[in-house]
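# Topology and contacts: notes
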Amino acid sequence: MSYLEKIIGILQNNSRIYYILEEVEKMDLPNWYLGGGCITQSIWNSLCDNNDDYGIKDYDIVYFDKDVSFEKETEYILKIREALPGIDTDVKNQARVHLWYHDVFAQKIDPYSSVEEAISSWPTTVASIGVRKVNEELIVYAPFGLEDLFSLIVRPNKIQVTQDIYITKTKRWLEKWPQLKVVSW
């Protein structure tokens, strides 16, 4: 069985992840994914015999809309919160990240040209992953592959993350999943 078949099987059997994928699919968000830590940690939970939602802080829903207004993003945030009550989501239009990134992380970035480019820049290669549901099919975007995910290996993605952010993130993850093998900066 390929890694792609494994991830799809695990996510289809994760009731919360699959529910989110089904609900967001109905919303017609432009070029969207459920991504990052919630996908990575769901796979780790399956591999480490934890509950499906163990250690998951929130569920990242990212999309790419050329309308970079705060009002439009807020409209999607509220629509998703209404559709997913009781589920902590972090909804972001990746087309507008460059507008606030400096204020949060003290470094400027260029605008992304797609949601896939944004996912490819996330802090770790293992969490640079997105999944969406189209009809009955799960589409997986994993620019660094899936081998590290299933081997519990975490590597820095140095495209734009700082060493401090990487260390903080991996320290938090090791507390929850001590089986991880973290590659040093």
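This report concerns the structure included in the present document. (Residues numbered from 1 in each chain as written. Predicted model: local features only at pLDDT ≥ 70, side-chain atom pairs only at ≥ 80, totals over all residues. Heavy atoms only, no water.)

### Focus: the nonpolar core
Counted only if it meets this: We call a set of buried residues a nonpolar core when its members are Ala, Val, Leu, Ile, Met, Phe, Trp, Tyr or Cys and they connect through side-chain atoms within 4.5 Å of each other. The cut-offs for exposure are 20% and 50% of the maximum accessible area for each residue type, with area from a 1.4 Å probe on protein chains only; residues under the lower value are buried, those over the upper are exposed, and the others partly exposed. Each helix is a run of H or I in the DSSP string that is no shorter than four residues. Each strand is a run of E no shorter than two, and both are numbered from the N terminus. We call two residues in contact whenever any of their non-hydrogen atoms come within 4.5 Å of each other.
Core analysis: the biggest nonpolar cluster contains 41 residues, and Ile 7, Leu 34, Ile 39, Trp 44, Ile 61 and Leu 149 have the highest contact counts within it. Contributing elements (two or more residues each) for this core: α1 (3-12), α2 (15-25), α3 (37-47), β2 (59-63), α4 (70-83), α7 (147-151) and α8 (163-176). Broken down by element, this core gets its largest block of residues, 5 residues, from α2. In contact with Ile 7, not counting residues within four places along its chain, are Ile 39, Ile 43, Ile 129, Val 140, Leu 146, Leu 149 and Phe 150. Ala 95, Tyr 101, Ala 118 and Trp 122 belong to the second-largest nonpolar core, a separate cluster that totals 12 residues.

### Focus on the sheet that holds β2
In a beta sheet, neighbouring strands are held together by backbone hydrogen bonds and run either parallel or antiparallel to one another. We count it as follows: What makes two strands pair is DSSP finding at least two bridges between them. Only the stretch in contact is used when a helix axis is fitted, and all axes are lines through C-alpha atoms; the angle between N-to-C directions ranges over 0 to 180 degrees.
Taken in spatial order, the 5 strands line up as β3-β2-β1-β4-β5 in an open sheet, and their pairing is mixed. Only two strands of the sheet have a single neighbouring strand rather than two, namely β3 (89-93) and β5 (137-141). Within this sheet the neighbouring strands show an average axis-to-axis angle of 30°, counted without direction. Judged from the 3 bridges that link them, strand β1 (residues 33-35) and β2 form a sheet pairing that is antiparallel. Looking at β2, one finds that Gly 35 is bridged to Asp 60. Across the sheet, α3 lies against β1, β2 and β4 (130-134), angled at about 55° from β1, the strand it touches most.

### Some points on the environment of Ser 121
Quick note on the threshold: Residues adjacent in sequence count toward polar contacts only when both atoms are side-chain atoms; beyond that, a polar contact is any pair of N or O atoms within 3.5 Å, and within protein one must be able to donate a hydrogen and the other to accept it.
Checked against the element boundaries, Ser 121 lands in the loop between α6 (115-119) and β4. Distance in space between the C-alpha atoms of Ser 121 and Thr 40 is 15 Å, their sequence separation being 81 residues. Sequence-distant contacts of Ser 121, that is, excluding residues within four places in its chain, are made with Tyr 112, Asn 157, Ile 159 and Gln 160. At 2.7 Å, the side chain of Ser 121 and the backbone oxygen of Ala 118 are in polar contact.

### Side note on the packing of α1 against α3
Cut-off, in case you're wondering: For this classification, under 35 degrees means roughly parallel, over 145 means roughly antiparallel, 65 to 115 means roughly perpendicular, and everything else is oblique. When residues are grouped by polarity, Ala, Val, Leu, Ile, Met, Phe, Trp, Tyr, Cys and Pro land in nonpolar, Asp, Glu, Lys and Arg in charged, and all others, Gly among them, in polar.
Between α1 and α3, the least distance of the axes is 10 Å, while the angle of their chain directions is 90°. As judged from the angle between their axes, α1 and α3 are roughly perpendicular. Between α1 and α3, the residues in contact are Ile 7, Ile 10 and Leu 11 and Ile 39, Ser 42, Ile 43 and Ser 46, respectively. Taken together, the residues that form the contact of α1 with α3 break down as 5 nonpolar, 2 polar and no charged.

### Some words on the packing of aromatic side chains
Where we set the bar: Each Phe, Tyr or Trp ring (for Trp, its six-membered ring) is paired with any other whose centre lies within 6.5 Å, and the angle between the two planes then decides the class: stacked below 30 degrees, edge-to-face above 60, tilted in between. For a Lys NZ or an Arg CZ to count as sitting over a ring, it must be within 6 Å of the ring centre and within 35 degrees of the ring normal.
Summed over all chains, the structure comprises 9 aromatic pairs. Aromatic pair Tyr 166 and Trp 185: ring centres 5.8 Å apart, planes at 50°, arrangement tilted. In this pair, Tyr 166 sits in helix α8 while Trp 185 sits in the segment after β7 (181-182), placing the two residues 19 residues apart along the sequence. For Trp 185, a relative accessible area of 31% corresponds to the partly exposed category. Three or more aromatic residues link up through ring pairs in this structure, and these residues are Trp 44, Tyr 54, Trp 173 and Trp 177. The ring centre of Tyr 33 lies 4.4 Å from the NZ or CZ of Arg 132, which sits over that ring.

### Points about the side chain of Asn 93
By the secondary structure assignment, Asn 93 is in strand β3. One polar contact links the side chain of Asn 93 to the main-chain carbonyl oxygen of Asp 67, over a distance of 3.2 Å. Apart from residues no more than four positions distant in its own chain, Asn 93 is found in contact with Tyr 63, Phe 64, Asp 65, Asp 67, Val 68 and Glu 73.

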